[in-house]
Amino acid sequence: KNLKIMSSLQQELLMFGFIGEYCKIIDKKLPANDLIHLFAGWITLTDRWDKQHCHEEIEIVSDLVAKSSVCDNATCVGEYVIKKGEKQSWKLRVSSGEILIGIIDDEIVTSNKNIRDFASQKYEGYALNLYEGEKWNDAKNLHDNFLYAHQFHFWDVDESLGIVFEMELDMTQKENENGILKFIIHHKLREGINKIKTDGEYTNICFDDIDINKKYRLAANIGGEQIEFMTE
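A brief report on the enclosed structure follows. (Residues numbered from 1 in each chain as written. Predicted model: local features only at pLDDT ≥ 70, side-chain atom pairs only at ≥ 80, totals over all residues. Heavy atoms only, no water.)

1. Concerning the overall build of the chain
In step 1: Helix and strand counts for the chain stand at three helices and 13 strands.
In step 2: Burial statistics for the chain: of 232 residues in total, 44% are counted as buried.
In step 3: Within the chain, contacts between residues at least 6 apart in sequence are counted, and of these 70% link residues at least 24 apart.
In step 4: Total accessible area on the chain stands at roughly 12800 Å², and carbon and sulfur atoms take up 47% of it. (Helix = DSSP H or I, 4+ residues; strand = E, 2+ residues; numbered from the N terminus. Buried < 20%, exposed > 50% of the residue type's maximum accessible area, 1.4 Å probe, protein only. Contact = heavy atoms within 4.5 Å. Areas by Shrake-Rupley, 256 points an atom, 1.4 Å probe, with all protein chains shown as cover.)

Below, the structure is given as structure tokens:
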């Protein structure tokens, strides 16, 4: 429980080193990269809510669960800090689609208290509104459709099941000169849609213009909802 929070890249390097040393001991060849990635995923440490920097209106039920009964866009943030050269994936469950989820500059988090509406012009965050299927960044005057999200049925959600999705921040610059924020949604499709599209205008890349020289954390606006980091 005293392990330092690490990025996915650091976790992978840790497991790579472990497997390498283990294979020396048993005098066998190093496993294929796919196997290394599998082990790295298996030991992945889950992000947790930063109690010090979450808005005071948010109840931190546990390291993994946050909720708020006040419908006023209070922001909660995770502890992981992702920087240039790193890539991080989060798997989350929310009780409804009426939530803003995305990332915020770590410097803004540490220099402000009780952040409300992290995607506003003041706080410059990148966010997805699941229910509306819109991507928001007020600092860039951006309110635009995210057609990938429009393929899913986000109303009348069973709160016991919620909406499960993954969010990935890629700061490695292997696919793009800027950082990339993409989503993978695991939820029922809208009527008439039989297969999820993830290319062209339906790309699941929500933002591809993220400043690679800044550091980011996961952030969410919640009000009347619950959000949970999933471990499997």
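2. Here we look at the sheet that holds strand β4 (residues 87–94)
In step 1: Taking strand neighbours across the sheet as the criterion, the seven strands line up as β1-β2-β13-β4-β9-β10-β11 in an open arrangement whose pairing is antiparallel. Every interior strand has two partners, whereas the edge strands, β1 (59–60) and β11 (205–210), have only one.
In step 2: Of the pairings in the sheet, the one linking β1 to strand β2 (residues 65–67) comprises two bridges and is antiparallel in character. Bridge assignment links Glu59 to a residue of β2, and that residue is Lys67. (Pairing = 2+ DSSP bridges.)

3. Describing the pattern of salt bridges
In step 1: Inspection of every chain in the model, using the stated rule, returns nine salt bridges.
In step 2: Linking Arg48 and Glu79 is a salt bridge whose minimum nitrogen-to-oxygen distance equals 2.7 Å. Taken together, the residues Arg48 in the loop between α2 (33–42) and β1 and Glu79 in the loop between β3 (74–77) and β4 connect sequence positions 31 residues apart.
In step 3: Of the residues examined, Glu79 reaches a relative accessible area of 27% and is grouped as partly exposed.
In step 4: With a shortest N-O distance of 2.8 Å, Asp106 and Arg217 are connected by a salt bridge. Of this pair, Asp106 sits in helix α3 (residues 106–110) while Arg217 sits in strand β12 (residues 216–222), placing them 111 residues apart in sequence. Of the two residues, Asp106 and Arg217, both sit in the buried class.
In step 5: One salt-bridge network, held together by shared partners, links Asp50, Asp106 and Arg217. (Salt bridge = Lys/Arg side-chain N within 4 Å of Asp/Glu carboxyl O.)

4. Some remarks on the side chain of His187
In step 1: You can see His187 is positioned in the loop between β10 (179–186) and β11.
In step 2: Separated by 2.8 Å, the side chain of His187 and the backbone oxygen of His153 make a polar contact.
In step 3: Residues within four places of His187 in sequence aside, it is in contact with Phe152, His153, Phe154, Val157, Gly162 and Ile163. (Polar contact = N/O pair within 3.5 Å; in protein donor to acceptor, adjacent residues only side chain to side chain.)

5. Structural notes on the sheet that holds strand β5 (residues 100–105)
In step 1: Read across the sheet, six strands follow the order β3-β12-β5-β6-β7-β8 without closing on themselves; strand pairing throughout is antiparallel. Edge strands, defined here as strands with exactly one partner in the open sheet, are β3 and β8 (142–145). For this sheet the average axis-to-axis angle between neighbouring strands, irrespective of direction, equals 25°. (Axes fitted to C-alpha atoms, helices over the stretch in contact; angles between N-to-C directions.)

6. With respect to the nonpolar core
Within soluble globular proteins, side chains that are nonpolar tend to cluster in buried spots.
In step 1: In this structure, Ile101, Phe183 and Ile227 are the most contacted members of the largest nonpolar core, which totals 41 residues.
In step 2: Beyond its immediate stretch of four places on either side in the chain, Phe183 contacts Ile101, Leu128, Phe146, Tyr148, Phe165, Glu166, Met167, Asn204 and Cys206.
In step 3: Grouped together as the second largest cluster of nonpolar side chains are 11 residues, Leu100, Ile108, Ile115 and Ala119 included. (Core = buried A, V, L, I, M, F, W, Y, C linked by side-chain atoms within 4.5 Å.)

7. Here we look at the packing of aromatic side chains
In step 1: The final tally for this structure, using the stated rule, is eight aromatic pairs.
In step 2: Pairwise contacts between aromatic rings join Phe146, Tyr148, Phe152, Phe154, Phe165 and Phe183 into one cluster. (Phe/Tyr/Trp six-rings, centres within 6.5 Å; stacked < 30°, edge-to-face > 60°.)

8. Focus on unusual backbone geometry
In step 1: For Asn114, which is not glycine, the phi dihedral falls at a positive 50°.
In step 2: Here Asn114 lies in the loop between α3 and β6 (126–129).
In step 3: The residue Glu124 is not glycine, and still its phi comes out positive at about 65°.
In step 4: Tracing the sequence through the fold places Glu124 in the loop between α3 and β6.
In step 5: A relative accessible area of 36% means that Glu124 is categorised as partly exposed.

9. Here's the deal with the pairing of strand β13 (residues 226–229)
In step 1: The pairing of β2 with β13 spans three bridges and is antiparallel. Bridging across to β13, Val65 finds its partner in Glu228.
In step 2: Inspection of the sheet shows β4 paired to β13 by three bridges, in the antiparallel sense. Paired with Val94 across the bridge in β13 is Ile227.

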